[in-house]
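Reading the structure
Take a look at the letters that make up each chain.
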Amino acid sequence: MISVRHLSVSYGRIAALQDASLDICAGEVSAVVGVNGAGKSSLVRAVLGLEAPTAGHITIDGTDTTVWPSHKPRSIGYVPEGRVLAGALTVAETLRLGAGRVARNHIATRTAGVLARFPELAKRLNQKAGTLSGGEATMLAVGRALMAAPRYLLLDEPTLGLSPAATDRVFGIIAELKKDGLGILLVEQNLHRAIAAADQHIVLRHGRIVPAGDITTIENTLLQGATS
Ligand code: ATP
């Protein structure tokens, strides 16, 4: 389990996240919703060890990753906002990089697992990432993250700009990964889809987690966050 306790992240005088506490559990999807600037990416980046918190602690399977010396947790896969793929690399090269420094036989096994899950990638192993469709590129970004055999997966707005069909595919994959036991943190603008897919709803408003309630309450909270 990933436990986030009283976490705060600041950029100079900007308090992006304040006193946030939540758990990310194996086999569950936790959806993070909030308007632009609510602190969603700051939360994700802090859990990944990419932002140093100004207060609070993050414990990953019992290890506090916020105490010095900190390290990027290997058990967490990350699909960043906008996917962030190297366009000149092929699908095969991108997957290989995702595995990091592991033995050759692990790479072969993991690649086979990813390609079985994503037939659209299996057909395009020698295609450059920059020439993939939005949906294919998203699958590659998820596949790249899975190559490190993570126990947790953080997805930052994976359906942004995708067609309805590609969005369905992303949510289908999320459901599969949840079934396989991954703990998933999903930042998602599509409120209805996020709520339907998630076991836990985390609503951020001005950097603070506020009570979620039902979908109407969440919609009202987001509306207030957008206008204040
Ligand atoms: P979006 O949906 O637009 O991606 P978000 O909910 O992910 O927004 P964050 O990106 O976490 O929000 O940003 C939270 C606040 O912190 C915003 O006010 C943003 O301008 C500010 N912020 C984020 N990153 C930095 C940075 N590197 N330097 C200064 N301010 C930052």
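The sections below set out a description of the structure shown in this document.

Reading the values: the criteria
Residues numbered from 1 in each chain as written. Predicted model: local features only at pLDDT ≥ 70, side-chain atom pairs only at ≥ 80, totals over all residues. Heavy atoms only, no water. Salt bridge = Lys/Arg side-chain N within 4 Å of Asp/Glu carboxyl O. Helix = DSSP H or I, 4+ residues; strand = E, 2+ residues; numbered from the N terminus. Buried < 20%, exposed > 50% of the residue type's maximum accessible area, 1.4 Å probe, protein only. Near = heavy atom within 4 Å. Polar contact = N/O pair within 3.5 Å; in protein donor to acceptor, adjacent residues only side chain to side chain. Areas by Shrake-Rupley, 256 points an atom, 1.4 Å probe, with all protein chains shown as cover. Pairing = 2+ DSSP bridges. Axes fitted to C-alpha atoms, helices over the stretch in contact; angles between N-to-C directions. Contact = heavy atoms within 4.5 Å. Lys, Arg positive; Asp, Glu negative; His and termini not counted. Expected span 1.5 Å × (residues − 1). 1 Å grid on protein atoms, 1.4 Å probe; cavity = no way out; pocket = protein on both sides within 12 Å on 5 of 7 lines; lining within 4 Å. Points joined across faces, edges and corners; volume = space filled by probe spheres on them. Nonpolar A, V, L, I, M, F, W, Y, C, P; charged D, E, K, R; others polar. Parallel < 35°, antiparallel > 145°, perpendicular 65-115°, else oblique. Left-handed = near helix turned anticlockwise from the far one by under 90°.

**What to know about the pattern of salt bridges**
Two side chains that carry opposite charge are able to pair once their charged atoms sit near each other. Across all of its chains, the model carries 9 salt bridges by this definition. Note that R124 and E136 form a salt bridge whose closest N and O atoms lie 3.2 Å from each other. One end of the pair, R124, is in the loop between α4 (119–122) and α5 (134–146); the other, E136, is in helix α5, and 12 residues separate them in sequence. A salt bridge links D168 to R193, with the nearest nitrogen and oxygen atoms 2.7 Å apart. You can see D168 sitting in helix α6 (residues 164–179) and its partner R193 sitting in helix α7 (residues 191–197), a full 25 residues away along the chain. D168 sits in the partly exposed class, given a relative accessible area of 42%.

**Section: the site of the ligand**
In the region of the ligand, 14 residues are neighbours, and G37, G39, K40, S41 and S42 sit closest. Contacts to the ligand include A38, whose backbone N or O atom sits 3.1 Å from an oxygen atom. A distance of 2.8 Å is found between an oxygen atom of the ligand and a side-chain nitrogen or oxygen belonging to K40. A total of 640 Å² of accessible area belongs to the ligand in isolation, and the protein chains cover 61% of it. Breaking the shell around the ligand down by element, the ones donating at least two residues are β2 (14–24) and α1 (40–47). Considering every element that reaches the shell around the ligand, the biggest residue donor is α1, with 3 residues.

**Observations concerning the sheet that holds strand β9 (residues 200–205)**
As summarised here, the arrangement of the 6 strands in space is β6-β7-β8-β3-β9-β10, forming an open sheet in which the pairing is mixed. Both outer strands of the open sheet, β6 (76–79) and β10 (208–210), are each paired with one neighbouring strand and no more. Adjacent strand axes in the sheet meet at a mean angle of 25° when their direction is disregarded. Sheet topology note: the strand β3 (residues 29–33)/β9 ladder contains 4 bridges and is parallel. Counterpart to V32 in the pairing with β9 is I202. Across the face of the sheet, α5 comes into contact with β6 and β7 (152–156) while running at roughly 165° to β6. Sheet strands in contact with α6 are β3, β7 and β8 (183–187), and its direction is about 155° off that of β8.

**Some thoughts on the side chain of R144**
Mapping R144 onto the fold places it in helix α5. Here R144 occupies a buried position and makes no salt bridge, while the nearest side chain of opposite charge, D156, is found at 12 Å.

**What about α5?**
A rise of 1.5 Å per residue sets the reference length of α5, with its 13 residues, at 18 Å; its end C-alpha atoms lie 18 Å apart and thus fit the reference within 8%. Inspection of α5 places G135, E136, A137, T138, M139, L140, A141, V142, G143, R144, A145 and L146 among the buried residues, and these make up the whole buried set.

**Details of the layout of surface pockets**
The space that makes up the second largest pocket amounts to roughly 150 Å³. Together, R110, G113, V114, R117, L146, A149, P150, L177, D180 and L182 line the second largest pocket. The element best represented in the lining of the second largest pocket is helix α3 (residues 104–117), accounting for 4 residues. For the lining of the second largest pocket, the class distribution of residues is 6 nonpolar, 1 polar and 3 charged.

**Things to note about the packing of α5 against α6**
At a minimum axis distance of 9 Å, the contact between α5 and α6 shows a crossing angle of 20°. The angle between α5 and α6 places the two elements in the roughly parallel class. The way α5 lies across α6 gives a crossing that is right-handed. Contacts between α5 and α6 pair G135, T138, M139, V142 and L146 from the former with A166, R169, V170, I173 and L177 from the latter. When grouped by side-chain class, the residues that make up the contact of α5 with α6 number 7 nonpolar, 2 polar and 1 charged.

**Points about the side chain of T167**
Structurally, T167 is set in helix α6. Once you skip the residues sitting within four places of it in the chain, T167 turns out to touch T159, L162 and R193.

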